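Working through the structure, step by step
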Amino acid sequence: MRTLRLGLLGCGTVGSGVVQLIHQRAERFRALGIQIELMGVLVRDLQRPRAVQPDLPLTTDASFVPDCEVLVEVMGGVERPLALCRDHLLAGKPLVSANKAMLAERWSELRPYAERGQLHYEASVMAGTPVLGPLSTTLRASRVTHLEALLNATCTFILGRMEAGEDYLIALREAQHLGYAEEDPTLDVSGVDAAQKLVILARLVADPAFGLGQVQCEGIDALPAGFFAEAHKAGERVRLVAELTQDVCGWQARVSPRRLPATHPFCAPGAGRNALRLQGEGCGELYFAGASAGGLVTASAVVGDLLSAVSGVPGHRPLPTGA
Ligand SMILES: NC(=O)C1=CN([C@@H]2O[C@H](COP(=O)(O)OP(=O)(O)OC[C@H]3O[C@@H](n4cnc5c(N)ncnc54)[C@H](OP(=O)(O)O)[C@@H]3O)[C@@H](O)[C@H]2O)C=CC1
Ligand SMILES: N[C@@H](CC=O)C(=O)O
């Protein structure tokens, strides 16, 4: 049995789930001949109450990071996590991350590591519903021509609650309470979180250099007056839809609130549910759907990635240049 030195950056909604699942799935690691040694669990506030075992090595001191063979980053933000992970990546070691903001915004630095298979980031898009794995492996023989998706659980949840007559702000508070929303929920309701996820998808199926600035983005925080009420009156639903299409000018990416028939698959019930429909030459039409936010659901993808990383399976590689 080999001891694997693991570092966990963040122990909030997702990090607590990661700790719980690593413990619950210890036999899966043992079956690979691995026993996890948690070198440190980085947090900001040691006094914050959290539902984790008391012997967890919680710390505000990141000095354990260089001793780790694998890092799991579930802290959020952009500059701080990147600064903490930089030397680890430079040393050629694997990083598992759920952080779509960092991946979307600092791609020029992260892309070479992703190309080398060092970055595992299934949880960054649709959390526990696996899409990046199939897109970066099995579906590479197909050519994606169109993709549309619900990528933000907070917005799906808020819009669903509003359909039931709830007030927008109360629904937003509920989404925060359930652990769906980002620390700064403006990222969710403005459409930025969905745009970050859309560029991560676009790099796997369309263009490995796809940038966040290429996404036209509107959220649900500034719906035109009457938009929701008129849709409701017409028996339609409003959903925040992310779409990637190709026309004569190239790839177009857009996130916007759309009116959809109530029978549309994107309107099926499910609070934190996301869905992705893609059309491809080869694979035809495919549909992925499931819970896509919350602690344990997201942790399931993070720990799945961790099992891949410790087994030597490469992470999510972008589409090769010129493919
Ligand atoms: N929540 C979800 O459903 C999903 C989240 N994600 C992504 O996962 C990541 C984590 O999300 P989530 O768990 O919800 O976030 P939380 O805010 O619940 O947890 C963040 C954790 O990171 C710690 N942390 C944050 N900044 C610092 C810092 N500068 N130094 C040290 N520790 C820090 C916090 O410490 P402390 O506890 O002391 O405050 C906390 O433990 C984000 O990138 C998010 O986008 C991805 C998919 C789904
Ligand atoms: N805030 C995000 C969490 C998962 O990525 C969302 O609401 O989808």
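Please read these numbers as outputs of a predicted model, since none were measured by experiment.

To continue, consider the nonpolar core. Counting 63 residues, the largest nonpolar core has Leu 147 and Leu 244 as its most contacted members. Here this core gets nine residues from one element, more than from any other, and that element is helix H10 (residues 192-205). Summarising the domain contributions, this core has at least three residues from each of domain 1 (2-127 + 295-310) and domain 2 (135-290). Listed in part, the 28 residues of the second largest apolar core include Leu 21, Phe 29, Ile 34 and Ala 309.

This part takes up the packing of aromatic side chains. Counted under the stated rule, the structure contains two aromatic pairs. Ring centres of Phe 157 and Tyr 180 lie 5.7 Å apart, and the angle between their planes is 80°; this geometry places the pair in the edge-to-face category. You can see Phe 157 sitting in helix H7 (residues 153-163) and its partner Tyr 180 sitting in the loop between helix H8 (168-177) and helix H9 (186-189), a full 23 residues away along the chain. The two residues Phe 157 and Tyr 180 agree in class, both being buried.

Once that is clear, we can look at the site of ligand 2. Taken together, 13 residues lie near ligand 2, and Lys 100, Thr 154, Tyr 180, Glu 182 and Asp 188 sit nearest. At 2.6 Å, a side-chain N or O of Thr 154 approaches an oxygen atom of ligand 2. Taking a 2 Å distance to the grid points as the criterion, the majority of the atoms of ligand 2 fall inside the largest pocket. Only H7 and H10 provide two or more residues apiece to the shell around ligand 2. Across the shell around ligand 2, the residue classes break down as five nonpolar, three polar and five charged.

Here the structure, examined in full by the defined rule, presents 21 salt bridges. A single network of salt bridges, built from pairs that share partners, joins Glu 148, Glu 243, Arg 258, Arg 277 and Glu 285.

Near ligand 1, the surroundings consist of 24 residues, among which Asp 45, Arg 48, Arg 50, Glu 182 and Gly 294 are the closest. One of the backbone N or O atoms of Gly 12 is found 3.1 Å from an oxygen atom in ligand 1. A distance of 2.9 Å separates an oxygen atom of ligand 1 from a polar backbone atom of Thr 13. About the coverage of ligand 1: the protein hides 89% of its 910 Å² of free accessible area. Taking a 2 Å distance to the grid points as the criterion, the majority of the atoms of ligand 1 fall inside the largest pocket. Its residues assigned to classes, the shell around ligand 1 shows nine nonpolar, eight polar and seven charged.

Taken as a whole, the largest pocket holds about 1,200 Å³ of empty space. Val 74, Met 75, Gly 76, Glu 182 and Glu 183 are the residues nearest the centre of the largest pocket, which is lined by 48 residues in total. Put simply, the parts of the chain that give the lining of the largest pocket at least two residues each are helix H1 (13-24), helix H3 (79-90), helix H4 (100-105), H7, H9 and H10. For the lining of the largest pocket, the class distribution of residues is 17 nonpolar, 17 polar and 14 charged. Two domains each donate at least three residues to the lining of the largest pocket, and these are domain 1 (2-127 + 295-310) and domain 2 (135-290). Here the second largest pocket defines a volume of roughly 300 Å³. Taken together, 14 residues form the lining of the second largest pocket, with Ile 22, His 23, Ile 36, Leu 38 and Gln 53 sitting closest to its centre. Contributions of two or more residues to the lining of the second largest pocket are made by H1, helix H2 (26-31) and strand E2 (34-42). With four residues, the single largest contributor to the lining of the second largest pocket is E2. For the lining of the second largest pocket, the residue count by class is nine nonpolar, three polar and two charged.

Basis of the calculations
- Residues numbered from 1 in each chain as written.
- Chains lettered and ligands numbered in written order.
- Predicted model: local features only at pLDDT ≥ 70, side-chain atom pairs only at ≥ 80, totals over all residues.
- Heavy atoms only, no water.
- Core = buried A, V, L, I, M, F, W, Y, C linked by side-chain atoms within 4.5 Å.
- Buried < 20%, exposed > 50% of the residue type's maximum accessible area, 1.4 Å probe, protein only.
- Helix = DSSP H or I, 4+ residues; strand = E, 2+ residues; numbered from the N terminus.
- Domains from an automatic or database assignment.
- Phe/Tyr/Trp six-rings, centres within 6.5 Å; stacked < 30°, edge-to-face > 60°.
- Near = heavy atom within 4 Å.
- Polar contact = N/O pair within 3.5 Å; in protein donor to acceptor, adjacent residues only side chain to side chain.
- 1 Å grid on protein atoms, 1.4 Å probe; cavity = no way out; pocket = protein on both sides within 12 Å on 5 of 7 lines; lining within 4 Å.
- Sits in = over half its atoms within 2 Å of the grid points.
- Nonpolar A, V, L, I, M, F, W, Y, C, P; charged D, E, K, R; others polar.
- Salt bridge = Lys/Arg side-chain N within 4 Å of Asp/Glu carboxyl O.
- Areas by Shrake-Rupley, 256 points an atom, 1.4 Å probe, with all protein chains shown as cover.
- Points joined across faces, edges and corners; volume = space filled by probe spheres on them.

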